[in-house]
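# Observations on the three-dimensional arrangement
Next come the chains, spelled out residue by residue.
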Amino acid sequence: MNSPSMKILFLDQSGTPGGAELCLLDIAKPYREHSIVGLLADGPFRALLAQHEIPTTVFTTQTINVRKESSLLTSLRSTSQLLPLVQAVAGTARSYDLIYANTPKALVIGALASLWSQRPLVYHLHDIISPDHFSKINRTVLVTLANRVAKLVIANSQASQTAFVAAGGRSQLCRVVYNGFDSDRYVIAPAETEHLRTTLALTDGFWIGHFSRLSPWKGQHILLKALTLCPDDTKAILVGDALFGEDEYVLELHRQVKQLGLEGRVRFLGFRSDIPQLMSACNLVTHTSTAPEPFGRVIVESMLCGTPVIAAAAGGATELIDTGENGWLCPPGEPEILAKVILTCRSAPQQRQQIAQLAQEQARDRFDIAAINTLIAQHLQSIV
Ligand code: UDP
Ligand code: GLC
C-alpha cells in the first residue's frame, strides 16, 4: 500500500497544541486525504488541524482529568462516557487501516477500540514513563496496554524508549523516531527579526528566550534564579502559557519576579504562534526542565533558527546537544551553573556564533520532516 493512501485514525487526548500535538500535525499531514484526527477534547488544536486541511472529529467534550498521582483507569471509569466513547472510536476505526494513538489517554481508549474493531494499534510515545511524570499504576497501565495491544511503539527519543523498557515495556515493539521539522519555517529574514526586536523592545541588553508552557517541571523558576546572578542587562522573555491547569505556578513565577527584583528584566509573552521569529530575535535560548525532557522540540527549533541554546542535561536533550559543539548542556535544577554557562556564552560571541551555525546545519539534516515522515511510513507499512 502506498503510504499516503493508508487510512489512519489518529487519536489524541488534547484540544490544546502542546509538543505532542504539534508533532502529530506534521505526521498526519501527508495522510490527510484519507485519514482523520480524532480528539478526546475540543480546543484550539482542532482549529490548527483544520487550518492545515486535516479532517478532525471530536469524540468527547467531557474532560478526562488525570492527575499524576491518580489512576488513568479510575479517571476514565469515572467518565460516564467511557463505554460509548470506546464504541464510537471503534466504530470509526472500522473505516480505517489502523489506529495511531498519540498520547497516554489516547492509548487507553485506542487499545480498547483496537481490540473491539480488530484494527492494529500504533502508539507514539512522547513521554518518559518514569516516576517523575507518572504514578506507578499509570506506568503499569500504559506499559501493559502497549505490550498487549500495540503492534508498534514509536518513541520520540532513545530516552523515552529506555524508560518504557525499564517500566516493563517490550523493546522489540519500539522504534526511535525523532520529531521532524520543516527547516524553511525557521529561516527568518533579518529585517523581520529587527522589526520584531524593535516592536517588542528587545534591543537593549542580552535577551534570553525561554519557550515552554508554564509548568513546574519546565523550570522557568530556574532561569529566574540564574538571572539574578547575571549582569542587570541580561534579560528574559518567557514565551508560553499554562496549558494544563498550572495556574498556581504562573502566580508563583510572577511573585518570584517581584521578590527577586526582576520586574524590568523579565517579560511574560504568553502563548505565541510566531516561535521562529521570537527565537531568532533572542541572543540565547535556555531550556531548563527539571525532570528529564522526553525530546524537547524547543531545543531543535532554536538550533534551526541559528540561536545558541543551553539545555538541561537529561532525557532526550542529551541526544540533541553535544556540549561545546552545537550548544551547551547544564545539569537540571542548578541555577548557579546555568548562570555560569550563560556568562561564558555571553562573553564569547564568536564561539557562540560558530556553535549556533553548526547546530543549525546539523539540525536541518537530522530532523528533516520529509525524511522523518518517510521513516514513519516505512514503520507503519511493516505492520499493516
Ligand atoms: N510553543 C508554541 N507557543 C508557545 C510556546 C511553545 O507554539 O508560546 C511550541 C514550541 O515551539 C514547541 C512546542 O510548543 O514546538 C513545545 O514542545 P516541547 O517538545 O518543547 O515541549 P512540550 O510542551 O511538548 O513538553
Ligand atoms: C512531549 C514531550 C516533549 C516532546 C514532545 C514531542 O510533549 O514532553 O519533550 O518534545 O512530546 O515529541
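This text gives an overview of the structure that appears in the document.

Definitions and cut-offs
Residues numbered from 1 in each chain as written. Chains lettered and ligands numbered in written order. Predicted model: local features only at pLDDT ≥ 70, side-chain atom pairs only at ≥ 80, totals over all residues. Heavy atoms only, no water. Pairing = 2+ DSSP bridges. Helix = DSSP H or I, 4+ residues; strand = E, 2+ residues; numbered from the N terminus. Axes fitted to C-alpha atoms, helices over the stretch in contact; angles between N-to-C directions. Contact = heavy atoms within 4.5 Å. Buried < 20%, exposed > 50% of the residue type's maximum accessible area, 1.4 Å probe, protein only. Right-handed = clockwise from strand over helix to strand, strands pointing away. 1 Å grid on protein atoms, 1.4 Å probe; cavity = no way out; pocket = protein on both sides within 12 Å on 5 of 7 lines; lining within 4 Å. Points joined across faces, edges and corners; volume = space filled by probe spheres on them. Nonpolar A, V, L, I, M, F, W, Y, C, P; charged D, E, K, R; others polar. Near = heavy atom within 4 Å. Polar contact = N/O pair within 3.5 Å; in protein donor to acceptor, adjacent residues only side chain to side chain. Areas by Shrake-Rupley, 256 points an atom, 1.4 Å probe, with all protein chains shown as cover. Phe/Tyr/Trp six-rings, centres within 6.5 Å; stacked < 30°, edge-to-face > 60°. Core = buried A, V, L, I, M, F, W, Y, C linked by side-chain atoms within 4.5 Å.

## Looking at the sheet that holds strand 13 (residues 328-330)
Judged by pairing direction, the sheet is parallel, and its 6 strands sit side by side in the order 10-9-8-11-12-13 without closing on themselves. Edge positions in the open sheet fall to strand 10 (266-270) and strand 13, since each of these has one partner strand only. With direction set aside, neighbouring strand axes in the sheet form an average angle of 25°. Along the sheet, helix 14 (residues 335-347) makes contact with strand 8 (206-211), strand 9 (234-239), strand 11 (284-286), strand 12 (309-312) and strand 13, crossing strand 13 at roughly 160°.

## A look at the pairing of strand 12
Residues Val-309 and Ala-311 of strand 12 are buried on one face, and the alternating residues Ile-310 and Ala-312, pointing to the opposite face, are buried as well. Sheet topology note: the strand 11/strand 12 ladder contains 2 bridges and is parallel. Bridge pairing in strand 12 links Thr-286 to Ile-310. Tracing the backbone out of strand 11, into helix 12 (residues 297-305) and back to the parallel element strand 12 gives a crossover that is right-handed.

## A short note on unusual backbone geometry
The phi dihedral of Gln-118 falls on the positive side, at around 60°, and the residue is not glycine. Looking at where Gln-118 falls in the secondary structure, it is placed in the loop between helix 5 (104-117) and strand 5 (121-125). A relative accessible area of 63% places Gln-118 in the exposed class. Positioned with a positive phi, Ala-201 is a non-glycine residue whose angle comes to about 55°. Mapped onto the elements of the fold, Ala-201 is located in the loop between helix 8 (190-199) and strand 8.

## A look at empty space enclosed by the protein
Vacant regions in the atomic arrangement are exposed by a probe of water-molecule size rolled over the atoms. Inspection of every chain in the model, using the stated rule, returns 1 cavity of 30 Å³ or more. Estimated volume of the largest cavity: approximately 70 Å³. In terms of lining residues, the largest cavity is bounded by 13 residues, among which His-287, Thr-288, Cys-330, Pro-331 and Leu-338 are the most central. For the lining of the largest cavity, the element with the most residues is strand 12, which contributes 3 residues. Of the residues in the lining of the largest cavity, the class split is 8 nonpolar, 4 polar and 1 charged.

## Some details on the site of ligand 1
As a matter of local geometry, ligand 1 sits amid 15 residues, with Gly-19, Arg-213, Lys-218, Arg-272 and Glu-301 nearest to it. Lys-218 has a polar side-chain atom sitting 2.8 Å from an oxygen atom of ligand 1. The separation between a nitrogen atom of ligand 1 and a polar main-chain atom of Arg-272 is 2.8 Å. When the free accessible area of ligand 1 is taken as 550 Å², the share hidden by the protein chains comes to 90%. Of all the elements in the fold, those that place two or more residues in the shell around ligand 1 are helix 1 (19-28) and helix 12. Ranked by the residues each element gives to the shell around ligand 1, the list is headed by helix 12, at 3 residues.

## Brief notes about the layout of surface pockets
The space that makes up the second largest pocket amounts to roughly 280 Å³. Surrounding the second largest pocket, 18 residues form its lining, Ser-280, Cys-282, Cys-305, Gly-306 and Thr-307 being those nearest its centre. Put simply, the parts of the chain that give the lining of the second largest pocket at least two residues each are helix 8 and helix 15 (349-366). If you tally residues by element for the lining of the second largest pocket, the top one is helix 15, at 5 residues. Across the lining of the second largest pocket, the residue classes tally to 8 nonpolar, 7 polar and 3 charged.

## Looking at the pairing of strand 1 (residues 8-12)
With 5 of its 5 residues buried, strand 1 lies for the most part within the structure. Of the two faces of strand 1, the one carrying Ile-8, Phe-10 and Asp-12 and the one carrying Leu-9 and Leu-11 are both buried. Pairing geometry for strand 1 and strand 4 (residues 98-101), over 4 bridges, is parallel. Among the inter-strand pairings, Leu-9 is bridged to a residue of strand 4, identified as Ile-99.

## Digging into the packing of aromatic side chains
Scanning the model with the defined rule gives 6 aromatic pairs in all. Considering the side-chain rings of Tyr-178 and Phe-367, the 5.8 Å spacing of their centres and the 65° angle between planes classify their relative orientation as edge-to-face. With Tyr-178 in the loop between strand 7 (174-176) and helix 8 and Phe-367 in the loop between helix 15 and helix 16 (369-383), this residue pair connects regions lying 189 residues apart in the sequence. The pair Tyr-178 / Phe-367 is uniform in exposure class, with both members buried. An aromatic cluster is present here, built from Phe-10, Tyr-31 and Tyr-100 joined pairwise through their rings.

## A closer look at the site of ligand 2
Within the structure, ligand 2 sits among Gly-19, Ala-20, His-126, Asn-156, Asn-179, Glu-293, Pro-294, Phe-295, Gly-296 and Arg-297. In the environment of ligand 2, an oxygen atom lies 2.9 Å from a nitrogen or oxygen atom belonging to the side chain of Asn-156. In the environment of ligand 2, an oxygen atom lies 2.5 Å from a nitrogen or oxygen atom belonging to the side chain of Glu-293. Partitioning the shell around ligand 2 into residue classes produces 3 nonpolar, 5 polar and 2 charged.

## Section: the nonpolar core
In this structure, Val-89, Leu-107, Ile-109, Leu-121, Val-153 and Phe-164 are the most contacted members of the largest nonpolar core, which totals 37 residues. Of all the secondary-structure elements, those providing two or more residues to this core are strand 1, helix 4 (82-93), strand 4, helix 5, strand 5, helix 6 (136-149) and strand 6 (150-155). Discounting residues that sit within four places of it in the chain, Val-89 has contacts with Leu-9, Leu-11, Phe-59, Ile-109 and Ala-113. Membership of the second largest hydrophobic core comes to 32 residues, among which are Leu-196, Leu-278, Ala-311 and Ala-317.

None of this, on its own, says anything about what the molecule does.
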